[in-house]
Amino acid sequence: MNLDHAMPLIFLGLMGLAMLIYVVLDGYDLGVGLLMVGASDAHKDRMVASIGPFWDANETWLVLGVGTLLIAFPKAQGLILNALYLPVCLMLLGLILRGVAFDFRVKVDAQWKPLWNRAFMAGSLLAALAQGWMLGRYITGLQSGWAFDLFAAAIALALASAYALLGAGWLLMKTEGALQRLALARAKQAWPAVVLGLALISVATPWVSPTVRERWFQMPGLIALMPIPLMCGLALLVLRAQLNSSRVLGKLCWLPFALTVAVMVLGFFGLAYSLYPYVMVDRMTAWEAAAAPASLRFILVGCAISVPVILAYTAFAYRVFWGKAGELHYG
């Protein structure tokens with residue numbers, strides 16, 4: 001396989017990697033926003049402080065993933081974004097609302113702070129649900145009908161629950177005392193919703209997508225792929241067992257977050273196998289949707305420079321601001 005033939009796959013992999021990192025990194029801070037519902041003002045301040053150094057940079061990966069789609073696969077981006085125009089706008093509205101509320105909640109008069117707290121929570125919920133809806137529509141190849149809409153709605157609720165579980169795991173790592181115990185309680189509440197959502201999606205996906213059904217239920221693929229759901233189920237069971245242990249409030253506070261990330265990574269690999277090599281399921285492969293080889297070669301040079309820089313910056317930021325979250329301060 002020469003470079004020109006391989007480049008669409010390289011960019012497809014880069015787009016998938018960017019979206020996976022985005023779901024994990026921005027997923028936990030969206031989850032923290034969801035978990036602010038019902039928390040005290042002091043706890044809300046500490047929750048925001050725990051994501052303060054990271055949340056804005058986490059969205060860089062969304063820009064990279066969508067930018068790769070726009071530039072490397074122009075034939076697909078018009079069809080995809082046209083079909084998902086409304087949820088994309090709602091997601092952006094939610095992210096903008098979060099960004100505005102993040103600053104305004106501590107800079108306005110005290111009487112207006114609850115309003116901006118609610119705006120932050122509403123933006124988190126709107127972005128999470130919109131992302132889940134788009135994922136559900138994408139998996140089904142943007143097909144229309146009540147069954148596909150119902151499936152997309154199930155994905156939206158499942159993804160929001162997964163974000164909440166991820167956010168609770170983050171707070172277990174980053175906080176102490178009463179807030180850490182609150183995070184543990186919220187993780188126990190989110191776990192059944194995540195398990196139920198994954199179970200329903202696992203049953204419904206082969207039904208709504210012939211491609212997925214063919215990939216997963218024909219031999220020898222069935223045997224080769226069986227470790228993915230088995231490992232995912234095992235990770236969820238170990239996660240639930242750890243939530244019943246007092247050790248998650250101490251030295252093992254990192255484990256629920258790590259196990260939730262593992263479930264998401266396993267789900268990503270299962271989804272990637274199911275959809276490969278399509279950019280639009282059953283409609284357009286990576287080679288059919290790709291830009292001209294000369295354009296891809298030029299873009300590849302830019303990615304070879306920018307992606308390592310983004311990775312290095314992300315690693316540096318998490319290293320510098322690692323440890324328990326302190327009081328919230330704004331310059």
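Colleague: Sorry if this is basic, but what is going on with the overall build of the protein chain here?
Modeller: The helix and strand inventory of the protein chain stands at 15 helices and two strands. Taking 2.2 N^0.38 as the reference for a compact globule, 331 residues should give roughly 20 Å; the C-alpha atoms of the protein chain span a radius of gyration of 20 Å, in line with that estimate. By the burial criterion, 50% of the 331 residues in the protein chain qualify as buried. Summarising the internal contacts of the protein chain: among those between residues at least 6 apart in sequence, 80% fall at separations of at least 24. Averaging the coordinates of the 22 positive side-chain charges in the protein chain and doing the same for the 15 negative ones gives two points 8 Å apart.

Colleague: Sorry if this is basic, but what is going on with the pattern of salt bridges here?
Modeller: Where charged atoms of side chains with opposite charge meet at close range, the side chains can pair. What the rule picks out here adds up to three salt bridges. Two residues, Asp 45 and Arg 105, come together in a salt bridge whose shortest N-O distance is 2.8 Å. In this pair, Asp 45 is assigned in helix α2 (residues 41-51) and Arg 105 in helix α6 (residues 85-107), connecting sequence segments 60 residues apart. Accessibility expressed as a relative area gives 21% for Asp 45, which makes it partly exposed. Classification of Arg 105 as buried rests on a relative accessible area of 1%. Across the pair Lys 113 and Asp 45 runs a salt bridge, and its minimum N-O distance is 3.0 Å. With Lys 113 in helix α7 (residues 113-139) and Asp 45 in helix α2, this pair connects stretches of sequence that are 68 residues apart. A single salt-bridge network, built from bridges that share partners, covers Asp 45, Arg 105 and Lys 113.

Colleague: What am I meant to see in the nonpolar core here?
Modeller: In terms of nonpolar packing, the biggest core is built from 98 residues, with Tyr 28, Phe 73, Ile 80, Trp 170 and Val 279 touching the most fellow members. Sorting elements by how many residues they give to this core places helix α1 (residues 3-35) first, with 16 residues. For Phe 73, the contacting residues outside a window of four places in its chain are Pro 8, Phe 11, Leu 12, Met 15, Thr 68, Val 279, Ala 286, Ala 289 and Ala 290.

Colleague: Please clarify how empty space enclosed by the protein should be interpreted in this entry.
Modeller: Regions of empty space are outlined by a rolling probe, equal in size to a water molecule, passed over the atoms. Applying the stated rule across the entire model yields one cavity of 30 Å³ or more. In this structure, the largest cavity encloses a volume near 30 Å³. Around the largest cavity sit Phe 54, Ala 57, Asn 58, Tyr 313, Thr 314, Ala 317 and Tyr 318, which together line it. Looking at the lining of the largest cavity, the element that brings in the most residues is helix α15 (residues 293-320), giving four residues. Residue composition of the lining of the largest cavity, by class: five nonpolar, two polar and no charged.

Colleague: Would you mind going over the packing of aromatic side chains with me for this structure?
Modeller: Note on aromatic pairs: each is described by the distance of the centres and the angle between the planes. Evaluation of the coordinates by the stated rule reveals eleven aromatic pairs. A ring pair is formed by Phe 54 and Trp 170, whose centres lie 5.5 Å apart and whose planes are at 85 degrees; its orientation type is edge-to-face. Taken as a pair, Phe 54 in the loop between α2 and α3 (55-58) and Trp 170 in helix α8 (residues 146-174) lie far apart in primary sequence, 116 residues in all. Just as Phe 54 is buried, Trp 170 falls in that class too. An aromatic cluster is defined as three or more aromatic residues linked by ring pairs; in this entry it consists of Tyr 28, Phe 54, Trp 170, Phe 257, Tyr 318, Phe 321 and Trp 322. Positioned above the aromatic ring of Trp 322 is the side chain of Lys 174, whose terminal nitrogen or guanidinium carbon lies 5.4 Å from the ring centre. Lying across the ring of Trp 191, Arg 240 places its NZ or CZ 5.9 Å from the centre.

Colleague: Just to check I follow, could you spell out unusual backbone geometry for this structure?
Modeller: Glycine aside, a negative phi is what most residues show, and trans is what most peptide bonds show. Cis geometry marks the peptide bond from Tyr 276 to Pro 277; its omega dihedral reads 0 degrees. By secondary structure assignment, the location of Pro 277 is in the loop between α13 (255-275) and β1 (278-280). Backbone geometry at Leu 142 places phi at a positive 60 degrees, although glycine is not the residue there. Take Leu 142: it is sitting in the loop between α7 and α8. Judged by its relative accessible area of 11%, Leu 142 is buried.

Colleague: How should I be thinking about helix α12 (residues 227-243) in this particular structure?
Modeller: Each full turn of the α-helix corresponds to 3.6 residues, which orients residues three or four apart in the same direction. Taking 1.5 Å of rise per residue, the 17 residues of α12 would be expected to cover 24 Å, and the 24 Å separating its terminal C-alpha atoms lies within 8% of that figure. By the burial criterion, the buried members of α12 are Ile 228, Cys 232, Ala 235, Leu 236, Leu 239, Gln 242 and Leu 243. All buried residues of α12 project into a common sector of 125 degrees when viewed along the axis, lining one side. Exposed side of α12, more than 90 degrees from the buried face: Leu 230, Leu 234 and Leu 237 are the residues found there.

Colleague: Teacher, can you tell me more about the environment of Gln 180 here?
Modeller: In this fold, Gln 180 is placed in helix α9 (residues 177-208). The class for Gln 180 is buried, based on a relative accessible area of 5%. A C-alpha to C-alpha distance of 33 Å links Gln 180 and Ala 152, two positions 28 residues apart in sequence.

What counts and what doesn't
Residues numbered from 1 in each chain as written. Predicted model: local features only at pLDDT ≥ 70, side-chain atom pairs only at ≥ 80, totals over all residues. Heavy atoms only, no water. Helix = DSSP H or I, 4+ residues; strand = E, 2+ residues; numbered from the N terminus. Rg over C-alpha atoms; globule rule 2.2 N^0.38 Å. Buried < 20%, exposed > 50% of the residue type's maximum accessible area, 1.4 Å probe, protein only. Contact = heavy atoms within 4.5 Å. Lys, Arg positive; Asp, Glu negative; His and termini not counted. Charge placed at Lys NZ, Arg CZ, Asp CG, Glu CD. Salt bridge = Lys/Arg side-chain N within 4 Å of Asp/Glu carboxyl O. Core = buried A, V, L, I, M, F, W, Y, C linked by side-chain atoms within 4.5 Å. 1 Å grid on protein atoms, 1.4 Å probe; cavity = no way out; pocket = protein on both sides within 12 Å on 5 of 7 lines; lining within 4 Å. Points joined across faces, edges and corners; volume = space filled by probe spheres on them. Nonpolar A, V, L, I, M, F, W, Y, C, P; charged D, E, K, R; others polar. Phe/Tyr/Trp six-rings, centres within 6.5 Å; stacked < 30°, edge-to-face > 60°. Lys NZ or Arg CZ within 6 Å of the ring centre and 35° of its normal. Expected span 1.5 Å × (residues − 1). Arc of directions from axis to C-beta.

No statement about biological role is implied by the geometric values presented.
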